[in-house]
Amino acid sequence: MTTVAFHTEGSRLTGFEARGHSGYAEEGADIVCAAVTSAVRLVECTLNDVMGLGAAVKIREQDASIALRLPGGLPAAAESTAQSLLTGLMVYLTTLRDEYPAHIEVLEAE
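## Quick look at the layout of surface pockets
Phase 1: Within this model, the largest pocket holds a volume of roughly 370 Å³.
Phase 2: In terms of lining, the largest pocket is formed by 19 residues, of which the most central are Gly20, Cys33, Thr37, Ala64 and Ser65.
Phase 3: Elements with a minimum of two residues in the lining of the largest pocket: strand S2 (12-19), helix H1 (31-50), strand S3 (58-62) and strand S4 (65-69).
Phase 4: Looking at the lining of the largest pocket, the element that brings in the most residues is H1, giving six residues.
Phase 5: Counted by class, the lining of the largest pocket contains seven nonpolar, seven polar and five charged residues.

## Notes on H1
Phase 1: For H1, built from 20 residues, the straight-helix expectation of 28 Å at 1.5 Å per residue is met to within 8% by its first-to-last C-alpha distance of 26 Å.
Phase 2: Along H1, the residues that are buried comprise Val32, Cys33, Ala35, Val36, Ala39, Val40, Val43, Glu44, Thr46, Leu47 and Asn48.
Phase 3: Looking at the buried residues of H1, the elements they touch are strand S1 (2-9), S2, S3, S4, helix H2 (76-99) and strand S5 (104-109).
Phase 4: Looking at where H1 begins, the residue whose side-chain oxygen comes 2.9 Å from the main-chain nitrogen of Val32 is Asp30.

## What to know about the packing of H1 against H2
Phase 1: Put simply, H1 and H2 touch, their axes get as near as 10 Å, and they point 175 degrees apart. Relative to H2, H1 is oriented roughly antiparallel. Judged by residue contacts, Val32, Ala35, Val36, Ala39, Val40, Val43, Thr46 and Leu47 of H1 engage Ala82, Leu85, Leu86, Leu89, Tyr92, Leu93 and Leu96 from H2.
Phase 2: The residue inventory of the contact of H1 with H2, partitioned by class, reads 14 nonpolar, one polar and no charged.

Rules used throughout
- Residues numbered from 1 in each chain as written.
- Predicted model: local features only at pLDDT ≥ 70, side-chain atom pairs only at ≥ 80, totals over all residues.
- Heavy atoms only, no water.
- 1 Å grid on protein atoms, 1.4 Å probe; cavity = no way out; pocket = protein on both sides within 12 Å on 5 of 7 lines; lining within 4 Å.
- Points joined across faces, edges and corners; volume = space filled by probe spheres on them.
- Helix = DSSP H or I, 4+ residues; strand = E, 2+ residues; numbered from the N terminus.
- Nonpolar A, V, L, I, M, F, W, Y, C, P; charged D, E, K, R; others polar.
- Expected span 1.5 Å × (residues − 1).
- Buried < 20%, exposed > 50% of the residue type's maximum accessible area, 1.4 Å probe, protein only.
- Contact = heavy atoms within 4.5 Å.
- Polar contact = N/O pair within 3.5 Å; in protein donor to acceptor, adjacent residues only side chain to side chain.
- Axes fitted to C-alpha atoms, helices over the stretch in contact; angles between N-to-C directions.
- Parallel < 35°, antiparallel > 145°, perpendicular 65-115°, else oblique.

This is the structure:
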């Protein structure tokens, strides 16, 4: 099962960690894992490459896991966009969880 844990400080999303293989199909043919990976990469690329926050947004990749952390003190416009991206990711992954409940879990943790 893929588990995605969103981290918060109060009402602010500060990042997430996604880990594990969903088990929907074999690696390379798993549409649930592909959907999660694609969505996570879109958020990461938007924050780092499009918005230019590469020095601020921390990405950590390990075997079957990826974590993203936002720093505090971002300019207001960047913070607003980052919050929208992370919220959108959470909504998308929650919808995916509702469609494939045996293969993905979405958590929120402080």
